[in-house]
Amino acid sequence: MPLFRQLGAALVASLAITALAADPYPTKPIKWVVGYAAGGGTDALARMVGAQLAIQMEQPVLIENRPGGATVIAADATAKAAGDGYTMMSVDGGTLVYNTALFKKLSYQPSRDFAPVALLGRFPLLLAVNATSSLTDARQLIEEIKRNPGKLSYGSPGVGGPHHLAMEMLKDRNKLDVVHTPYRGAAPALQDLLGGQIPLMVVDTVAAMPMIKAGKIKPLATFGKARLASLPNVPSLIELGYADIEMLPWQGIVVPAATPKDVIAKLSAELQKAVAHPSVNSRLLELGLLPTPADTAAMALQWKQDADYWPKLIQQKGISAE
């Protein structure tokens, strides 16, 4: 090859490398889609982590709340977004797993449309009663349900959510007959628990902790493997002898499936770093969340484990969101 051609080729290659080096991801604001209304636990997690992520990546992180349809509206919009790393979405077991069994037809297909990025945190669930209840532990409550089959009811923030499914798991594995009373969100359900309209409820720590601290709600057991540091006197159901009763809802991030792997890798690393940041970590714990940053592989494994169990239970119980 003539010398001038060699020099020309070298110059083109050099310019290309320089352009890439000068234009690393991200170069513009990142949109973080949340499938729930502002003010809830998922929204709070996104805003806290997003603020730190913006500092680390030196680009604004814009939270876009798109509530409705059990996160279907937000998931559909995210699935149709460009796979360039500038659109990501908060997801949970509902978005990726439960909805595939709760709806006859979805406008998105989780395994086809999304790529996992990282796990962020978990929302502990509690079996709780009104503070005036004579019941003092979960064993008493379960025995009360067994003595009165079909006569007691429990509340949840809605059909097919983790609160509902956690109780259905407990019912299924202990042959309990207790009626589900779904509400349109945690707030009205908690108000009826306080007012005595429902005798028990599955609550999450984010929504219920203020009422627990105020002595208005009595937590009897956790649905996790162990006790919570924030509630050291509340045993787990497993600890009480109810084997294999574990439900610890998680929050993670997905991006459109076409997103390049190197972009996913960078976003995953930065998200984990943001969650682990001392100020973010401490604020999440104060809210009642459990920060659990983990990589793409860990999120993919969690997704698979949920997909292997929950759709079968949902179908077996005949639960539908339609």
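In the block above lies the structure referred to throughout.
One structure accompanies this document, and this report is about it.

The rules behind the values
- Residues numbered from 1 in each chain as written.
- Predicted model: local features only at pLDDT ≥ 70, side-chain atom pairs only at ≥ 80, totals over all residues.
- Heavy atoms only, no water.
- Helix = DSSP H or I, 4+ residues; strand = E, 2+ residues; numbered from the N terminus.
- Contact = heavy atoms within 4.5 Å.
- Core = buried A, V, L, I, M, F, W, Y, C linked by side-chain atoms within 4.5 Å.
- Buried < 20%, exposed > 50% of the residue type's maximum accessible area, 1.4 Å probe, protein only.
- Expected span 1.5 Å × (residues − 1).
- Phe/Tyr/Trp six-rings, centres within 6.5 Å; stacked < 30°, edge-to-face > 60°.
- Lys NZ or Arg CZ within 6 Å of the ring centre and 35° of its normal.
- Pairing = 2+ DSSP bridges.
- Axes fitted to C-alpha atoms, helices over the stretch in contact; angles between N-to-C directions.
- Salt bridge = Lys/Arg side-chain N within 4 Å of Asp/Glu carboxyl O.

1. Here we look at the side chain of Asn-174
Item 1. Turning to its location among the elements, Asn-174 is positioned in helix α7 (residues 162–174).
Item 2. Those residues within four positions of Asn-174 in sequence are excluded, and the remaining contacts are Lys-146, Tyr-242 and Ile-245.

2. What about the nonpolar core?
Item 1. In this structure, Leu-96, Leu-127, Met-167, Leu-170 and Phe-223 are the most contacted members of the largest nonpolar core, which totals 52 residues.
Item 2. Contact partners of Leu-170, with chain neighbours within four places excluded, come to Leu-127, Ile-142, Leu-176, Phe-223, Leu-237 and Ile-245.
Item 3. Grouped together as the second largest cluster of nonpolar side chains are 31 residues, Leu-45, Ala-46, Tyr-86 and Phe-123 included.

3. Digging into helix α2 (residues 41–57)
Item 1. The end-to-end C-alpha distance of α2 is 24 Å, a good match for the 24 Å that 17 residues give at a rise of 1.5 Å each.
Item 2. Counting buried residues in α2 gives 14 out of 17 residues, a clear majority hidden from the surface.
Item 3. Among the residues trailing α2, Glu-58 stands out with phi positive, at a value near 55°.

4. Observations concerning the packing of aromatic side chains
Item 1. On inspection of all chains with the given rule, the structure shows four aromatic pairs.
Item 2. Judged by centre distance (5.8 Å) and plane angle (50°), the rings of Tyr-108 and Phe-114 are tilted.
Item 3. Centroid distance Tyr-309 to Trp-310: 4.7 Å. Interplanar angle 80°. Geometry classified as edge-to-face.
Item 4. Among the aromatic residues, ring-to-ring pairing joins Tyr-98, Tyr-309 and Trp-310 into one connected group.
Item 5. Taking NZ or CZ as reference, Lys-28 lies 4.7 Å from the ring centre of Tyr-86, over its face.

5. Concerning the sheet that holds strand β8 (residues 200–204)
Item 1. Judged by pairing direction, the sheet is mixed, and its five strands sit side by side in the order β7-β6-β8-β5-β9 without closing on themselves. Two strands in the sheet have a free side with no partner beyond their single neighbour: β7 (179–182) and β9 (217–222). Pairs of neighbouring strands in the sheet enclose a mean axial angle of 35°, with direction left out of account.
Item 2. Of the strand pairs in this sheet, strand β5 (residues 125–130) and β8 are connected by five bridges, and their pairing is antiparallel. Bridging across to β8, Leu-127 finds its partner in Val-202.
Item 3. Sheet strands touched by helix α9 (residues 205–213): β5, β8 and β9. Its angle to β8, the strand with the most contacts, is close to 110°.

6. Examining the pattern of salt bridges
Item 1. Evaluation of the coordinates by the stated rule reveals ten salt bridges.
Item 2. The salt bridge partner of Glu-64 is Lys-31, with a shortest N-O separation of 3.9 Å. Of the two residues, Glu-64 sits in strand β2 (residues 61–65) while Lys-31 sits in strand β1 (residues 30–34), which places them 33 residues apart along the sequence.

7. Focus on unusual backbone geometry
Item 1. The step from Tyr-25 to Pro-26 runs through a cis peptide bond, and the omega angle for that step is 0°.
Item 2. In this fold, Pro-26 is placed in the loop between α1 (3–22) and β1.
Item 3. The backbone of Glu-58 shows a phi angle near 55°, a positive value even though the residue is not glycine.
Item 4. Despite not being glycine, Asp-244 shows a phi value in the positive range, around 65°.
Item 5. For Asp-244, a relative accessible area of 57% puts it in the exposed group.

8. Brief notes about the sheet that holds strand β11 (residues 290–294)
Item 1. On the basis of which strands lie adjacent, the open sheet formed by six strands has the order β2-β1-β3-β10-β4-β11 and mixed pairing. Both outer strands of the open sheet, β2 and β11, are each paired with one neighbouring strand and no more. Going across the sheet, the axis of each strand differs from the next one's by a mean of 25°, ignoring polarity.
Item 2. Direction of pairing for β1 relative to β2: parallel, over a ladder of five bridges. Its bridge partner lying in β2, Val-34 is registered against Asn-65.
Item 3. Against the sheet, helix α3 (residues 72–79) engages β1, β3 (87–91), β4 (114–122) and β10 (250–256), with an angle of about 150° to β3.

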